[in-house]
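# Analysis of the macromolecular model
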Amino acid sequence: LTWLERYIYRNSKVVMGQSQEILTHVSQFTDVPKFVYRNLPRDSKPLAQMEIKDSNSKTVVYAGLLGFAQGVFNICSEIDFLELGIEFHIYGKGMEEDQIVRFIESNPSLPIYFHGSFKPSESNTILHKYHAALVPLANRIYGAVPSKIFELIHLQIPILYSGGGEGAELVESRGLGFSCEPGNNDALSQMLRQFADCEESVLQGMRFSLLKAAKEEFDYENQFKDFLSFVDENYSEGF
């Protein structure tokens, strides 16, 4: 399979990848023109900025798969959300769902809530009820930038990213939220405390940065136009 991978790279006219890390890897085998093509939401348009209502505690939402790769059960059982003063709200389905539900039922004093799943069409209304969204990975996956990051950018929800790599650099460098290394609950707890202590004005600044990123850098239509121009410039035979 490695031989086949390198053969394809060496015989390609152009290469597109979903992250710069992927293209850096490919550059070991070919110097043909390359294009980063992000997994952006196609039909989503940036929303007008929204302010979260005042609350006695910060609220964090996780919405997605409840599997081993995300490690949400471990987060529920290892992070002291009560001490942090953070409500943790969970939406989704997956192999850890039953464990999470049993843990919540066994620990009714903890501010952790499971809401089941929702339809994609309901995401705007539901996710905007929370101050920030958690995007966790149990282990770093080289080359991976979760598509959830781009969805949250378009929803203007501050991002708490535990995944490292290019995704962390993207979040931190653009002021879209906070990040920490994956699989480290101490680092995750520190990131959550940093979030819990930040003022509303800081969150509002993040929402402004999210809107700016959605309009200027991570717009699906603009990316597709840029990709077509890239192909025209670098691949005369076309598709």
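These lines cover the structure that appears in this document, whether it is placed above or below. (Residues numbered from 1 in each chain as written. Predicted model: local features only at pLDDT ≥ 70, side-chain atom pairs only at ≥ 80, totals over all residues. Heavy atoms only, no water.)

## Looking at the layout of surface pockets
Basically, it comes down to this: Using protein atoms alone on a 1 Å grid, points that fit a 1.4 Å probe yet trap it form a cavity, whereas open point sets bounded by protein on both sides within 12 Å along at least five of seven lines form a pocket; residues with an atom within 4 Å of a point count as lining. Grid points are joined across faces, edges and corners, and a volume is the space filled by probe spheres set on the points. Each helix corresponds to a stretch of at least 4 residues labelled H or I by DSSP, and each strand to a stretch of at least 2 residues labelled E; elements are numbered beginning at the N terminus. Residue type decides the class: Asp, Glu, Lys and Arg count as charged, Ala, Val, Leu, Ile, Met, Phe, Trp, Tyr, Cys and Pro as nonpolar, and the leftover types, Gly among them, as polar.
Roughly 320 Å³ of internal volume is contained in the largest pocket. Taken together, 20 residues make up the lining of the largest pocket; nearest its centre are Ala63, Pro146, Ser147, Lys148 and Glu151. Elements that contribute at least two residues to the lining of the largest pocket include exactly β3 (58–65), α6 (123–127), β6 (132–136) and α7 (147–155). Residue contributions to the lining of the largest pocket peak at 5 residues, all from α7. Looking at the lining of the largest pocket, its residues break down into 10 nonpolar, 8 polar and 2 charged.

## Some remarks on the pattern of salt bridges
Selection criterion: The salt bridge criterion pairs a side-chain nitrogen of Lys or Arg with a carboxyl oxygen of Asp or Glu, the two atoms within 4 Å. For the exposure calls, accessible area comes from a 1.4 Å probe over protein chains only, and a residue counts as buried if that area is under 20% of its type's maximum, exposed if over 50%, partly exposed in between.
Overall, the coordinates contain 8 salt bridges when judged by the stated rule. As a salt-bridge pair, Lys148 and Glu151 come within 3.2 Å of each other at their nearest N and O atoms. On the criterion of helical spacing, the pair formed by Lys148 and Glu151 is a turn pair, its members being 3 residues apart in helix α7. Judged by its relative accessible area of 24%, Lys148 falls in the partly exposed class. As a salt-bridge pair, Glu216 and Lys212 come within 3.1 Å of each other at their nearest N and O atoms. With a gap of 4 residues between them, Glu216 and Lys212 both fall in helix α10 (residues 200–216), about one helical turn apart. Given a relative accessible area of 43%, Lys212 falls into the partly exposed group. Among the ionic contacts, a cluster of salt bridges with common partners joins Glu169, Arg174 and Glu217.

## A closer look at the nonpolar core
In plain terms, the rule: Among buried residues, those of type Ala, Val, Leu, Ile, Met, Phe, Trp, Tyr and Cys that are joined through side-chain atoms within 4.5 Å constitute a nonpolar core. Contacts were defined at the residue level, with two residues in contact if any of their heavy atoms lie within 4.5 Å.
By size, the foremost hydrophobic cluster in this structure holds 35 residues, and its most contacted members are Ile149, Ile153, Ile159, Tyr161, Leu170 and Leu176. Sorting the residues of this core by element identifies β3, α6, β6, α7, β7 (159–162), α8 (165–173), α10 and α11 (220–234) as the ones contributing at least two each. Top contributing element to this core by residue count: α7, with 5 residues. What Ile153 contacts, discounting residues up to four positions off in sequence, is Ile159, Leu170, Leu176, Leu210, Ala213, Ala214 and Phe218. Counting residues in each nonpolar core, the second largest holds 30 residues, with Ile104, Met191, Leu192 and Phe195 among its members.

## Quick notes on α8
Buried within α8 are the following residues: Glu166, Gly167, Ala168, Leu170 and Val171. On the buried face of α8, the contacting elements are α2 (20–26), α7, β7 and β8 (177–180). One or two residues past the end of α8 sits Gly175, with phi positive at roughly 70°.

Such coordinate-based values are descriptive only and should not be taken to indicate function.
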